[in-house]
Amino acid sequence: MKYYILFGPPGAGKGTQAATMTSKYNLRHVSTGELLRAEIAQGTPLGKQAKVLIDAGQLVPDEVVEGMIASLFDTVKDVDGFLLDGFPRTIAQAQALDKMLQERNAQVTSVVSLMIPDETIFERIRGRAAIEGRADDASDATISNRIATYHEKTEPLIEYYRAAGKYAEIDGLGTIEQVRERISALLDSLK
Ligand code: ADP
């Protein structure tokens, strides 16, 4: 099993690019954001707890997302690997992932990082708000908090994975097609 991490700030294009990568390489796309939005839509207790945090641009507790990921690792079998999108998002989650994989005799294959500047994050999320109607895309205050949360809690993962020799960065600017080509070239080179 391959375990790829699709990394990058909010609005970097992870969800968009994940779709083509999963079909090309037979991977299961696991988006913690989508899983949490499904809990919110179903009105579960977990969803209710998550909504308050998500709408404030904060992270949900590590244990919540770690539990979701572990249960998918144990149930999804008919794929060549996983494409993790939105997880890990903190150093604690990265350490938990390493442990989960070690227990399954596996390890992170590679981190594919899509990089865009903060100004572009704002532009893209404002554009997406009109199309997708996500509550956490609707207000500038929430977007600013998500960017701040990213820099504070998630960006340190770059060093974590660089030190492990697993970090590969791709320019996330340009058209969807251009970025897709860059990702494909990278993944082909890793095979
Ligand atoms: P984006 O990448 O556009 O910020 P996501 O759809 O990945 O959005 O996530 C939406 C929100 O869900 C995040 O802002 C955060 O509150 C919550 N979330 C998603 N993944 C995690 C995670 N691994 N740990 C904690 N919170 C998470």
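For the structure, see preceding data.
What counts as what
Residues numbered from 1 in each chain as written. Predicted model: local features only at pLDDT ≥ 70, side-chain atom pairs only at ≥ 80, totals over all residues. Heavy atoms only, no water. Helix = DSSP H or I, 4+ residues; strand = E, 2+ residues; numbered from the N terminus. Contact = heavy atoms within 4.5 Å. Near = heavy atom within 4 Å. Polar contact = N/O pair within 3.5 Å; in protein donor to acceptor, adjacent residues only side chain to side chain. Nonpolar A, V, L, I, M, F, W, Y, C, P; charged D, E, K, R; others polar. Pairing = 2+ DSSP bridges. Axes fitted to C-alpha atoms, helices over the stretch in contact; angles between N-to-C directions. Patch = residues over 30% accessible without salt bridge, like charges linked within 9 Å, V, L, I, M, F, W, Y side chains within 5 Å. Areas by Shrake-Rupley, 256 points an atom, 1.4 Å probe, with all protein chains shown as cover. Salt bridge = Lys/Arg side-chain N within 4 Å of Asp/Glu carboxyl O. Lys, Arg positive; Asp, Glu negative; His and termini not counted. Charge placed at Lys NZ, Arg CZ, Asp CG, Glu CD. Buried < 20%, exposed > 50% of the residue type's maximum accessible area, 1.4 Å probe, protein only. Core = buried A, V, L, I, M, F, W, Y, C linked by side-chain atoms within 4.5 Å.

Focus: the side chain of Q17
Tracing the backbone through its elements, the reader meets Q17 in helix α1 (residues 14–25). In contact with Q17, other than residues within four places in its own chain, are L114, I176, V179, R180 and I183.

Let's talk about the site of the ligand
Taken together, 20 residues lie around the ligand, and T32, R37, Q58, G86 and Q93 are the ones closest in. The separation between a nitrogen atom of the ligand and a polar side-chain atom of Q93 is 2.9 Å. In the model, an oxygen atom of the ligand is placed 3.0 Å from a nitrogen or oxygen of the R146 side chain. No other element matches the four residues that helix α2 (residues 32–42) contributes to the shell around the ligand. Class assignment for the residues of the shell around the ligand results in seven nonpolar, six polar and seven charged.

Here we look at the sheet that holds strand β4 (residues 110–115)
Strand order across the open sheet formed by five strands is β2-β3-β1-β4-β5, with parallel pairing between neighbours. Looking at which strands have only one partner, the edges of the open sheet turn out to be β2 (27–31) and β5 (167–171). Ignoring which end each strand starts from, the neighbouring axes of this sheet average 20° apart.

Structural notes on a negative patch on the surface
Taken together, the side chains of D118, E119, E123 and E155 define an acidic patch exposed on the protein surface. Within the secondary structure, E119 is located in helix α6 (residues 118–132). Residue classification places E119 among the exposed positions, given a relative accessible area of 55%.

Overview of the nonpolar core
In terms of nonpolar packing, the biggest core is built from 32 residues, with I5, F7, L36, F73, L84, L97 and Y161 touching the most fellow members. For this core, the secondary-structure elements that each account for two or more residues are β1 (2–7), α3 (45–55), α4 (62–75), β3 (81–85), α5 (91–103), β4 and α8 (156–163). With seven residues, α4 is the single largest residue contributor to this core. Once residues within four sequence positions are removed from consideration, Y161 is found in contact with I5, P88, A94, L97, V108, V111, K166 and Y167. Judged by nonpolar contacts, the second largest core, of 22 residues, contains I121, F122, I147 and L187.

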